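Okay, here's what each chain looks like letter by letter:
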Amino acid sequence: MSEFPTHARVVIIGGGIMGASTAYHLAKLGWKDTIVIERHKLTSGTTFHAAGLVGQLRSNANITQLLGESVKLYKTLEQETGLATGWKMNGGLRLACNEERWTEVRRQATTARSFGLEMHLLTPREALDLWPLMDISDLVGAAFLPTDGQANPSDITASLAKGARMHGARIFEDTDVTGFKVENGRVTEVQTSRGTVQCEIVVNCAGQWARELGAKVGVNVPLVSVEHQYMITEQIAGVTSSLPTARP
Ligand SMILES: Cc1cc2nc3c(=O)[nH]c(=O)nc-3n(C[C@H](O)[C@H](O)[C@H](O)COP(=O)(O)OP(=O)(O)OC[C@H]3O[C@@H](n4cnc5c(N)ncnc54)[C@H](O)[C@@H]3O)c2cc1C
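Let me sum up the structure you'll find in this document.

Calculation criteria
- Residues numbered from 1 in each chain as written.
- Predicted model: local features only at pLDDT ≥ 70, side-chain atom pairs only at ≥ 80, totals over all residues.
- Heavy atoms only, no water.
- Pairing = 2+ DSSP bridges.
- Helix = DSSP H or I, 4+ residues; strand = E, 2+ residues; numbered from the N terminus.
- Axes fitted to C-alpha atoms, helices over the stretch in contact; angles between N-to-C directions.
- Patch = residues over 30% accessible without salt bridge, like charges linked within 9 Å, V, L, I, M, F, W, Y side chains within 5 Å.
- Areas by Shrake-Rupley, 256 points an atom, 1.4 Å probe, with all protein chains shown as cover.
- Salt bridge = Lys/Arg side-chain N within 4 Å of Asp/Glu carboxyl O.
- Buried < 20%, exposed > 50% of the residue type's maximum accessible area, 1.4 Å probe, protein only.
- Core = buried A, V, L, I, M, F, W, Y, C linked by side-chain atoms within 4.5 Å.
- Contact = heavy atoms within 4.5 Å.
- Expected span 1.5 Å × (residues − 1).
- Polar contact = N/O pair within 3.5 Å; in protein donor to acceptor, adjacent residues only side chain to side chain.
- Parallel < 35°, antiparallel > 145°, perpendicular 65-115°, else oblique.
- Left-handed = near helix turned anticlockwise from the far one by under 90°.
- Nonpolar A, V, L, I, M, F, W, Y, C, P; charged D, E, K, R; others polar.
- Near = heavy atom within 4 Å.

**A closer look at the sheet that holds strand 9 (residues 177-183)**
To summarise the sheet geometry, strands pair through backbone hydrogen bonds and adopt either a parallel or an antiparallel arrangement.
Step number 1: In spatial order, the strands read 8-2-1-11-10-9; together these 6 strands make up an open sheet with mixed pairing. For this open sheet the edge positions go to strand 8 (170-172) and strand 9, each flanked by a neighbour on one side alone. Direction aside, neighbouring strands of the sheet carry axes that sit 40° apart on average.
Step number 2: Here 4 bridges tie strand 1 (residues 7-13) to strand 2 (residues 34-37), and the two strands are oriented parallel to one another. Bridged to Ile 12 within strand 2 is Val 36.

**Looking at a nonpolar patch on the surface**
Step number 1: There is a patch of nonpolar side chains on the surface, built from Leu 133, Ile 236 and Val 239 and spanning about 230 Å² of accessible area.
Step number 2: Residue placement: Leu 133 occurs in the loop between helix 4 (124-130) and strand 6 (141-145).
Step number 3: Taking the relative accessible area as the measure of exposure, Leu 133 reaches 43% and is therefore partly exposed.

**Comments concerning the nonpolar core**
Step number 1: Membership of the largest hydrophobic core comes to 23 residues, with the highest contact counts inside it found for Ile 12, Ala 23, Tyr 24, Trp 87 and Leu 160.
Step number 2: Secondary structure elements with two or more residues in this core: strand 1, helix 1 (17-28), helix 2 (61-81) and helix 5 (153-166).
Step number 3: With 5 residues, the single largest contributor to this core is helix 1.
Step number 4: When near neighbours in sequence (up to four residues on either side) are disregarded, Trp 87 contacts Val 54, Val 71, Tyr 74, Lys 75, Thr 147, Asp 148, Gly 149, Gln 150 and Ala 151.
Step number 5: In this structure, Ile 13, Phe 180, Val 190 and Leu 213 belong to the second largest nonpolar core, which totals 17 residues.

**What about the environment of Val 190?**
Step number 1: With respect to the element layout, Val 190 can be found in strand 10 (residues 186-192).
Step number 2: With 184 residues separating them in the primary sequence, Val 190 and Thr 6 have C-alpha atoms 9.6 Å apart.
Step number 3: If we skip the residues at most four places from it in the chain, Val 190 touches Val 11, Val 177, Gly 179, Phe 180, Gly 195, Thr 196, Val 197, Cys 199 and Val 202.

**Topic: helix 1**
Step number 1: Over its 12 residues, helix 1 runs 16 Å from end to end, which matches the ideal 16 Å to within 8%, given 1.5 Å per residue.
Step number 2: Those residues of helix 1 that sit buried are Gly 19, Ala 20, Ser 21, Thr 22, Ala 23, Tyr 24, Leu 26 and Ala 27.
Step number 3: For helix 1, the secondary structure elements touched by its buried residues are strand 1, strand 2, helix 2, helix 5 and strand 11 (195-204).
Step number 4: Looking at the residues trailing helix 1, positive phi occurs at Gly 30, about 95°.

**Description of helix 5**
Step number 1: The terminal C-alpha atoms of helix 5, which comprises 14 residues, lie 20 Å apart, in line with the 20 Å expected from a rise of 1.5 Å per residue.
Step number 2: Listed as buried for helix 5 are Pro 153, Ser 154, Ile 156, Thr 157, Ser 159, Leu 160, Ala 161, Gly 163 and Ala 164.
Step number 3: In this structure, the buried residues of helix 5 make contact with helix 1, helix 2 and strand 8.
Step number 4: You can read the cap of helix 5 off the contacts: a side-chain oxygen lies 3.0 Å from the backbone nitrogen of Ser 154, and it is on Asn 152.
Step number 5: Two residues or fewer past helix 5, Gly 168 is found with a positive phi of approximately 110°.

**Observations concerning the packing of helix 2 against helix 5**
Step number 1: Direction vectors running N to C along helix 2 and helix 5 enclose 55°, while the axes themselves pass 10 Å from each other. In terms of orientation, helix 2 lies oblique with respect to helix 5. Relative to helix 5, helix 2 is oriented so that their crossing is left-handed. Counting all contacts with helix 2, which are made through Leu 73, Tyr 74, Leu 77, Glu 80 and Thr 81, the residues of helix 5 involved are Ile 156, Ser 159, Leu 160, Lys 162, Gly 163 and Met 166.
Step number 2: For the contact of helix 2 with helix 5, the residue count by class is 6 nonpolar, 3 polar and 2 charged.

**Focus on the site of the ligand**
Step number 1: In the vicinity of the ligand, 28 residues are found, and the nearest of them are Glu 38, Thr 46, Thr 47, Leu 53 and Val 177.
Step number 2: A distance of 2.8 Å separates an oxygen atom of the ligand from a polar backbone atom of Thr 46.
Step number 3: Measuring from a nitrogen atom of the ligand, one finds a side-chain N or O atom of Asp 176 at 3.3 Å.
Step number 4: Contact with the protein chains removes 80% of the 1,000 Å² of surface that the ligand exposes when unbound.
Step number 5: Tallied by class, the residues present in the shell around the ligand amount to 13 nonpolar, 12 polar and 3 charged.

**Focus on unusual backbone geometry**
Step number 1: Despite not being glycine, Asp 33 shows a phi value in the positive range, around 65°.
Step number 2: The residue Asp 33 is located in the loop between helix 1 and strand 2 in this model.
Step number 3: Residue classification places Asp 33 among the partly exposed residues on the basis of a relative accessible area of 31%.
Step number 4: The phi dihedral of Asn 184 falls on the positive side, at around 50°, and the residue is not glycine.
Step number 5: Under the relative-accessibility criterion, Asn 184 is labelled exposed at 82%.

Okay, structure coming up:
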């Protein structure tokens, strides 16, 4: 590991997918002297647990467009860094089991098309063709986004981190951010378990810990953790790895 610096222009806190992506994009834009500080290992936070489902449609147009950019990146990142992302474009199905939800899905289709995201409205029978195990007795309609997919979050992070390093960013693992020095309302120093680093800009990418980190300098990060559940099953006949992701 390279020597821990005493100065960096940008300090990114957190080595999950957000921190790695921020470092990658800043480095590619030509920002010099950027470091990432991660208290454990890259992806050791929530990124490690993510299922890797990439669904682009959100109620907010900006987020949807941002997710579209992610899909473009996941398709090409391996060529750039040599590290695979596990990207698989198997599509996403959104199911509407009542009229209100169907109205919402049709509105979403209009929004999606307005910024170039391909989205097809399907009858229950057409949805069944894509997901043959489904019970469609209460299905009103469905939407299919062919460019949705799945990837491996830890692999994407490793690939982004490699890309960031290739463009000059440095990453320090096993380094805990413990505090900050604030002067005239700006963070000028980040204190860590390996020493202090003077900086111009701090990017808080600490995920579910971002709130407590922000609170150290009086910044309110409006973020709370939401519990996820997932089940791992035995092989189910008819469930293949190419099935689209189904979202009720
Ligand atoms: C079970 C599960 C399934 C999920 N499935 C999906 C899915 O299918 N699709 C999807 O898009 N999202 C999914 N998510 C959500 C996704 O995992 C998160 O949105 C994403 O990983 C957040 O990334 P992050 O970089 O912001 O946070 P993190 O990956 O948590 O990274 C934050 C990092 O900051 C570090 N850190 C914290 N405090 C400090 C400090 N003081 N000093 C130094 N480092 C610090 C942590 O160690 C951590 O590594 C899922 C989440 C879970 C839990």
